[in-house]
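Remarks on the overall topology
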Amino acid sequence: MKPLILVVEDDPQIRRFLRATLAAEGYQFHEALTAQEGAAQAAARTPDLILLDLGLPDHDGLEVIRGVREWSQMPIVVVSARGQEKDKIAALDLGADDYVGKPFAVGELLARIRAALRRSASAAQDGSDVVSRFGKVEVDLEKRRVKVDGQDVHLTPNEYKLLQVLVHHPGKVLTQRQLLNEVWGPNHTEQAQYLRVYVAQLRRKLESDPARPRHLQTEPGVGYRLVVDG
Amino acid sequence: MDAAAGETSVETDDPQPRARDTSSTRDYLLAIGIVGISTLVALALRPHLAPVNLAMVYLLGVVAVAWRCSQAASVVASFLSVAAFDFFCVPPYLTFQVSDYEYLFTFAGMLVVALVISTQTARIRAQAAHAIDREARTKALYRLSRRLSAQTRVFDAARTAAELAEEVFETPVVMFLPDKGKISFRRRTSDQLLVSSTEEAAAQWVFDHGRKAGKRMDAFSGSAAFYIPLKGATRIVGVMGVLPDAEGRVFAPEQQNLLDVFANQTALAMERTLSQNAAETARLQMQTEEMRSSLLSAVSHDLRTPLASITGAASTLRAQGEKLPPETRQELLESISDEAERLGRLVGNLLDMTRLETGIELRRDLYPLEEIVGTALQRMEKPLAGRQVITELPESLPLVYVDDVLLGQLVVNLLENAVKYSPAGTAIEVTAAANDNAVTLEVRDRGAGFAEGEEQRVFEKFYRGKSDGVRGAGLGLAICHAIATAHRGTIEALNRSGGGAILRVRLPLENAR
């Protein structure tokens, strides 16, 4: 069964090329032109993924995320104009899975869609792998051990916790708030500089060139993403 | 100096005010009184002195009158004295008859001496008064021209002149400025003057006709104040309103004269500031126009070129897609996507520049510089392909208090600049160092470096380096400059020893909380 994607987008030209590229990739899709229609279609058709534009004619696309998250964890990938970090953070904090900035290359969009579908599939299986590997790094979530190039690496408890959260959401952007909340608890969500220092330390321990990280990537103004492939 | 220059241009056709009436009556009374006193003294001395010597008492009286009163009054005193001398001091007493005709000679001599005293004293007195007056005038006008020369705005010039005029003339003075061809009581330097339709009409009339009007003048004599036009060289720039006090001292001819000079100088100064402002506005406008047109030509060229490639490639594909060999099709598709990317970068830069210029709010926090540089390198992965990038970021670097998105953009632009202006395959270095006050970030390349005098210009908008074949709008470094400045930092362009460019950003550490 081909995955069904709901495209909520008001611009006809963008819908046109999305239609072409999604069809070529073998996805089924539905289109909605407004936020209201998008929310209705999401409920009626229960798609496998929603591709959501934030600038919609009737309501803010954020409303769609809020509405859908009340009853479903279906992946939502947001498409937003460049330079609107506030909107991106708001969308992610509301539960969007990822975002792509306009203008975007189709390859990037398809990669995000695939990653989001994969995450939702593995979450459904519930039996995610005990050992996660990316690059030269191996994280054993059961034994709580981390190896780089086969060598044991010592992480502090907070470093490990942070890595664990990232490993649980491979390829997903996690906002600073989400990470702080998961690692330090809900009372420390404003102290982002701790987070940055810990990320820097993790990079020094895990990345071969911490100044050009391959895996622990920063999304400027938004948060972090663990890139597991490539 | 100034006073003399002003005097020559004073108008003479103004109606002269009717002044001095009250003071002259007083002078005559005083003259009569002094002659009376002389007579009393003469009567007291009459038993002891010869009548000819009593004439001296009267002459002294005339001197006194001449000193204190007007010339006319002292002439009257002269005649009165001769008459009184004849009546009281020359026998037979209490008649105008004269027993000895040689007294007629005494009378004649006495009259001539008295009249000479009268005129000479009056002249000396007038000269002294004039000298004092002149000095005061010169001083007042000197102060006026000095204060006016410091003013750059027409309203300030008017207010300064009004304040000084109040000091000099010891009476309320208000300057009125026109607003769209009408004298506006709203544009006045103070509100000491009664606002009424009569006053406004008088001021407007003066503005329209360029002649004085108001109290004790030919026109609008019913108003409380009188108005003097502020006549510049080419037009009337306003109206000076003077509210005379009860004694009406400002109506004295020399005061009126001084007021005219005052008004004249003020008008010229106001006109000067007006034309200066106009010139300044025109200059700014020209500059803005110039910038706008250079922006337009730069932007339209840079927007059109990629658009032309996209349109051309897309239309070729649509019209002849079938006939084209697959490699050509692929090439055209690549050019569409490359040019679209270029267009996207340009639009992004323009948006960034606009945002920075309109003064955006920084969203600052503490960040490791390493993270910001790392993100920038990641974003620049494609353009940097085939380049060796050497990063030197000591672990001991303090966190920097910055807007991460903007600072990331700055680093990206510096890297883009290095890629553009250095030969493919040469290494690019990114280094950072810190001292107690600041963190310094440098991006170095092995390109041609900067031409002499170019080091500053590279940060100007739409400035492009001389290298051939480099495309771009000339906004990248201008954006870097704007971002560095927004963080209270600096950016400089240097030539590197051994060839190449260094762009050095310095961010002060005062920000760290």
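As a starting point, this report considers the structure included with it. Because the structure is a prediction, the values reported are computed rather than measured. Counting restarts for each chain: residues are numbered from 1 in the order of the written sequence. Going through the entries in the order they are written, you letter the chains from A and number the ligands from 1. Residue-level local features of this predicted model are given only where pLDDT is at least 70; pairs of side-chain atoms are given and counted only at 80 or more, and the full residue set underlies all totals for whole chains, interfaces and linings. As a convention, hydrogens and water are excluded, and side-chain values are obtained from all of the structure's heavy atoms.

Description of the interface of chain B and chain A
Defined as follows: Contacts are residue-level and defined by heavy atoms, with any inter-residue pair within 4.5 Å sufficient. Here the buried area means the combined drop in accessible surface, using a 1.4 Å probe, for two parts upon being joined, counting both sides. Any carboxyl oxygen of Asp or Glu within 4 Å of a side-chain nitrogen of Lys or Arg constitutes a salt bridge here. In the analysis that follows, any N or O atom pair within 3.5 Å is treated as a polar contact, provided that within protein one partner can donate a hydrogen and the other can accept it, and provided that, for residues neighboring in sequence, both atoms belong to side chains. By definition, any uninterrupted DSSP run of H or I lasting at least four residues is a helix, any uninterrupted run of E lasting at least two residues is a strand, and each is numbered from the N terminus.
Between chain B and chain A, the residue contacts involve 27 residues of the former and 25 residues of the latter. Contact between chain B and chain A buries roughly 2,000 Å² in total, counting both sides, with carbon and sulfur atoms accounting for 45%. Summed over the three residues of chain B that lose the most area to chain A, namely E370, E371 and Q378 of chain B, the buried surface amounts to 26% of that side. One can count 5 salt bridges joining chain B with chain A. Here R203 of chain A ties to E371 of chain B by a salt bridge, and the two come within 3.7 Å at their closest N and O atoms. Summed over the shared surface of chain B and chain A, the number is 7 residue pairs in polar contact (both at pLDDT 80 or more). At the level of elements, helix 9 (326-357), strand 6 (364-367), helix 10 (369-379), strand 7 (389-392) and helix 11 (404-421) of chain B are the ones that each hand at least two residues to the side of chain B that touches chain A.

Details of the pattern of salt bridges
This is how the line gets drawn: Each residue is assigned to one of three classes by its accessible area relative to the maximum for its type, calculated with a 1.4 Å probe on protein chains only: buried under 20%, partly exposed between the two thresholds, exposed over 50%.
Per the stated rule, a full pass over the model turns up 37 salt bridges over all chains. A salt bridge links D93 of chain A to R177 of chain A; its shortest N-O distance comes to 3.8 Å. In this pair, D93 of chain A is assigned in helix 4 (residues 85-94) and R177 of chain A in helix 7 (residues 176-184), connecting sequence segments 84 residues apart. Salt-bridge contacts for R249 of chain B lead to E247 of chain B; the nearest nitrogen and oxygen are separated by 4.0 Å. Under the relative-accessibility criterion, R249 of chain B is labelled partly exposed at 41%. If you follow the salt bridges from partner to partner, you end up with E429, E442, R444, E492, R496 and R504 of chain B in one network.

Remarks on the packing of helix 10 of chain B against helix 11 of chain B
All names here are of chain B. Selection rule: Orientation is described by lines fitted to C-alpha atoms, with helices fitted over the stretch in contact, and by angles between N-to-C directions that extend from 0 to 180 degrees. Angular relationships are summarised with four words: roughly parallel below 35 degrees, roughly antiparallel beyond 145, roughly perpendicular across 65 to 115, and oblique for the angles in between. Should the near helix be turned anticlockwise from the far one by less than a right angle, the crossing is left-handed, and should it be turned clockwise, the crossing is right-handed. Nonpolar residues are Ala, Val, Leu, Ile, Met, Phe, Trp, Tyr, Cys and Pro. Charged residues are Asp, Glu, Lys and Arg, and all others, Gly as well, are polar.
For the pair helix 10 and helix 11, the least separation of the axes is 9 Å and the interaxial angle reads 55°. Relative to helix 11, the element helix 10 is oriented oblique. Note that helix 10 runs across helix 11; the crossing there is right-handed. For the pair helix 10 and helix 11, contact is made by L369, I372, V373, A376, L377 and R379 and by D404, L407, G408, Q409, V411, V412 and L415, respectively. By residue class, the composition of the contact of helix 10 with helix 11 is 9 nonpolar, 2 polar and 2 charged.

As for the packing of aromatic side chains
Which entries qualify depends on this criterion: Only centres within 6.5 Å qualify two rings of Phe, Tyr or Trp (six-membered ring in Trp) as a pair; their planes then separate them into stacked at under 30 degrees, edge-to-face at over 60, and tilted for everything else. The criterion is that NZ of a Lys, or CZ of an Arg, lies within 6 Å of the ring centre and within 35 degrees of the ring normal, and then a charge sits over that ring.
Taken as a whole and judged by the stated rule, the model has 10 aromatic pairs over all chains. On the basis of an interplanar angle of 70° and a centroid distance of 6.2 Å, the ring pair of Y58 of chain B and F85 of chain B is categorised as edge-to-face. On the criterion of sequence distance, the pair formed by Y58 of chain B in helix 3 (residues 51-68) and F85 of chain B in helix 4 (residues 71-89) is long-range, its members being 27 residues apart. In this structure F85 of chain B comes out as buried when scored by relative accessible area, which is 0%. Three or more aromatic residues joined by ring pairs make a cluster, and in this case those are Y58, F85 and F107 of chain B. Residue placement shows R196 of chain A over the ring face of Y367 of chain B; its charged tip is 3.6 Å from the ring centre. In this structure, R46 of chain B packs its charged tip against the face of Y93 of chain B, placed 3.6 Å from the ring centre.

With respect to the nonpolar core
Residues and elements named next belong to chain B. Put simply, the test is: Among buried residues, those of type Ala, Val, Leu, Ile, Met, Phe, Trp, Tyr and Cys that are joined through side-chain atoms within 4.5 Å constitute a nonpolar core.
Of all hydrophobic cores here, the largest spans 54 residues; its most connected members are L369, L384, L410, L414, L415, L441 and V505. Take this core: its biggest share by element is 9 residues, from helix 11. Filtering out sequence-adjacent residues up to four positions away, L369 remains in contact with L397, V400, L407, A432, V439 and L441. The next biggest cluster of nonpolar side chains, apart from the first, holds 32 residues, and it includes M175, L230, V250 and L259.

A closer look at the sheet that holds strand 11 (residues 490-495) of chain B
All names here are of chain B. We count it as follows: We call two strands paired when DSSP finds no fewer than two bridges between them.
The sheet built from 5 strands is open, its strands ordered 7-9-10-12-11 with mixed pairing. The sheet terminates laterally at strand 7 and strand 11, the two strands that pair on one side only. Mean inter-strand twist for the sheet, computed between neighbouring axes without regard to direction, equals 15°. Where helix 13 (residues 476-486) meets the sheet, its contacts fall on strand 11 and strand 12 (501-508), and the angle it forms with strand 11 comes to roughly 135°.

A short note on helix 7 of chain A
When we look at burial in helix 7 of chain A, the residues that qualify are Q176, Q178, L179, L180, V183 and W184 of chain A. On its buried face, helix 7 of chain A sits against helix 4, helix 6 (157-168), strand 10 (173-175), helix 8 (192-206) and strand 12 (223-226) of chain A together with strand 6 of chain B. Of the residues trailing helix 7 of chain A, G185 of chain A is marked for its positive phi of about 100°.

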